[in-house]
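Residues per chain are reported as follows:
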Amino acid sequence: MKATLRLITLLAVLSLLFACTETTTSNYEAGNENDGRVIGSIHGVVSDANDNSRMANITITYAVRGVVYTTKTNDLGYYAINNLPSGNYEITFSGNDDYAIARSNIIIPDLEDIGISDIPTDEDFEYSITRDRVLHTLDATVNGSVMAFVENQEIEDLTGIRLIADFGVFDLAPDCYATYTDIDGVFSFSNLPSTAEFTLRIDSWTDGSHTFKAQAFDVYPVAQGVLNMNPILLEVIDEEVNVIADNLDNFPITDTIELTFDQAIDPENFVVELTNQTNGAVDISQIEWTSSTHVTIDPDEALLLDHEYNFTVQGKTVNANPFDWSAEFITQPGIMIESTNMELYDGYYQITPNQSIVINFSEQVLIGYVDNLLDISDYPAPVMSWSNNNTTLTIQPPSGGYNVGNITVDLEFYSVLAIYDSVTKFYTVVVAD
C-alpha cells in the first residue's frame, strides 16, 4: 500500500459527522494510478449571503480533463470533491433560480509547485483546499436617472445611454448586467444580486455634437428592496483621448482588433497603421464602428504567430480633439506540448509495458497532414486516437505490450493555426514493470 504524505489535511471527523458520501466524487480512473502524484481535494460549505443559513441541494459543477462532473451539497450545505489531478479548476455553484450563480477558481498544484524534486516512487501527496461560498439572492432593484448640460443648457433627449452593473469582484456568472436610459434619461435595474455593493459604470456617450466622460460609482443595493439613486450628471470631455480597452494581449492571429475609446470618435478622421519587421505593413480590409467609441479593425491577412507588431491609430473626436495612439503587441504562440501522462524521473520518462501514452497539445492538431510524424523505436507504426477537439493524442501500446527497457518516442505535429506551425519532441522513455 502506498504511504501518504499529507501537506494539507481534511479533518476526517467532519466527513464522518456530515455523512457526505453523496457529495464526494472520485476523478482518478481505476487502473491508471501512477506513483508520485499530487491528489487534490476541495471541500466547503455553501450558505445564503443574507442570513448565513446553510443551503442544501446546491449543484457544484467542475471539469476534469475535459469531462464535466457535478455533485450537490448535503442537508448541512457541505460538499466535497476528492481525487483531483493537478490543474486549474473553475467550480460553479447553482441550482436555485432565486440566487445568482457563483464561481470559484482553484489551483491544485503539481509536484514541482509544492517543491518536490526527488519524487519517492512509493508515496502520494495529498493537497486539500477549503473553499466556502455564499450565494446572493436575485432580488435587488436600483433606479435612477442621468442628466447632461452643455454651456448650462440641459440636454433633454438622453435615450439609449448604456449603464452596466459590474459584480466582477464577487465571481458571479454573469458578472455584469446592462440597461439603457429611456427618452427622459431614466434607468432601472431589477433582479440584481443582493451583494454588499457593486460598481455602476456608464460608457462614454455622445449626442453627436459632444462627448461625455465615462464614469463609475460604488452602489450599495438593498436585498429584497429598492434603491433610488440621486441623478447622475454627465461631464463633457475636453481632454486627452484614451483607449480604455483593447484585445491586443496575446493576440490570436485570425482575430479582429478591437479598441474602445473614452470619447466618441469621428469615423471620417480615423487612420490605422499596422506593421511588423518580417512582412512590413499589413493591409487593413475593414474598419467597422459598432458604436461611437468602439471600433473593430480587420487585417487583410492572418498575422504571424509569436511576432511583434506595431499598431498606430490617429484621428479626431466628434469634438475635434486630435489624438495619436500607438501600441506594440505580440501575437499568440504556436502549438506546444502542454502535458503527458508519462512520469518524469531523473530526466527520463517512465511507462509500464501496457500503458497508453497520452500527450496534450496547446492547439488543435492538423490531423492527416503529410508531414506529421510519430515514431517509436523498434516498434511498428503505433495505433493513435485523438480527442478533445484534436488536442489530445492517445498512443496505444503494441500487442503484447512494450518490452522492459528503453524506447524513444519521436514526434512532430502541425497545428491548424498555420501551415508553418509545428511542435517537435524526442522522448527517452524507460519501460519498467
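No experiment lies behind these values; they were computed from the predicted model shown.

Side chains that carry opposite charge are capable of pairing whenever their charged atoms lie near each other. Under the definition given, this model contains four salt bridges. The salt bridge involving Asp-203 is made with Arg-162; its shortest N-O contact spans 3.2 Å. Placement of Asp-203 in the loop between strand S16 (198-202) and strand S17 (205-206) and of Arg-162 in strand S12 (residues 162-166) is noted, with a sequence separation of 41 residues between them. Take Arg-162: its relative accessible area is 33%, and that puts it in the partly exposed class. For Arg-201, the salt bridge goes to Asp-166, with nearest N and O atoms at 3.4 Å. You can see Arg-201 sitting in strand S16 and its partner Asp-166 sitting in strand S12, a full 35 residues away along the chain. Owing to a relative accessible area of 26%, Arg-201 belongs among the partly exposed residues under this scheme.

Inspection of the secondary structure puts Asp-132 in the loop between strand S8 (123-130) and strand S9 (133-135). Distance in space between the C-alpha atoms of Asp-132 and Leu-374 is 46 Å, their sequence separation being 242 residues. Leaving out residues up to four positions away in the same chain, Asp-132 has contacts with Gly-44 and Val-45.

For Thr-92, the position within the fold is in strand S6 (residues 87-94). Overall, the relative accessible area of 18% leaves Thr-92 in the buried class. If we ignore the near neighbours within four places in the chain, the residues touching Thr-92 are Thr-59, Ile-60, Thr-61, Ile-101, Ala-102 and Arg-103.

What the rule picks out here adds up to 20 aromatic pairs. Measuring from centroid to centroid gives 6.3 Å for Phe-311 and Trp-325, while their planes differ by 80 degrees, and the two rings are edge-to-face. With a gap of 14 residues between them, Phe-311 in strand S28 (residues 308-317) and Trp-325 in strand S29 (residues 322-330) connect regions that are remote in the sequence. Pairwise contacts between aromatic rings join Phe-261, Phe-270, Trp-289 and Phe-323 into one cluster. The lysine or arginine in question, Lys-425, covers the ring of Tyr-427, its NZ or CZ lying 5.3 Å from the ring centre.

Judged by nonpolar contacts, the single largest core of 48 residues is most densely connected at Phe-93, Val-146, Phe-189, Leu-192 and Leu-200. If one sorts the elements of this core by residue count, strand S10 (residues 138-150) sits on top with five residues. Not counting residues within four places of it along the chain, the set of residues in contact with Leu-200 comprises Leu-163, Ile-164, Ala-165, Phe-187, Phe-189, Gln-215, Ala-216, Phe-217, Val-219, Met-229 and Ile-232.

Another aspect to go through is the sheet that holds strand S37 (residues 405-414). Strand order in the open sheet made by the five strands is S31-S32-S38-S37-S34, with mixed pairing throughout. Two strands in the sheet have a free side with no partner beyond their single neighbour: strand S31 (343-345) and strand S34 (373-376). With strand direction ignored, the average angle separating the axes of adjacent strands in the sheet is 30 degrees. Pairing analysis gives three bridges linking strand S32 (residues 348-351) to strand S38 (residues 422-431), with the strands arranged parallel. By the bridge assignment for S38, Ile-351 is matched with Val-431.

Looking now at unusual backbone geometry. For the bond running from Ala-173 to Pro-174, omega is 5 degrees, close enough to zero to count as cis. Take Pro-174: it is sitting in the loop between strand S13 (172-173) and strand S14 (176-180). Despite not being glycine, Asp-306 shows a phi value in the positive range, around 50 degrees. Inspection of the secondary structure assignment puts Asp-306 in the loop between strand S27 (294-299) and S28. On the basis of relative accessibility, which here comes to 52%, the residue Asp-306 falls in the exposed class.

Conventions adopted
- Residues numbered from 1 in each chain as written.
- Predicted model: local features only at pLDDT ≥ 70, side-chain atom pairs only at ≥ 80, totals over all residues.
- Heavy atoms only, no water.
- Salt bridge = Lys/Arg side-chain N within 4 Å of Asp/Glu carboxyl O.
- Helix = DSSP H or I, 4+ residues; strand = E, 2+ residues; numbered from the N terminus.
- Buried < 20%, exposed > 50% of the residue type's maximum accessible area, 1.4 Å probe, protein only.
- Contact = heavy atoms within 4.5 Å.
- Phe/Tyr/Trp six-rings, centres within 6.5 Å; stacked < 30°, edge-to-face > 60°.
- Lys NZ or Arg CZ within 6 Å of the ring centre and 35° of its normal.
- Core = buried A, V, L, I, M, F, W, Y, C linked by side-chain atoms within 4.5 Å.
- Pairing = 2+ DSSP bridges.
- Axes fitted to C-alpha atoms, helices over the stretch in contact; angles between N-to-C directions.

Remember that the coordinates give geometry; whether it matters functionally is a separate question.
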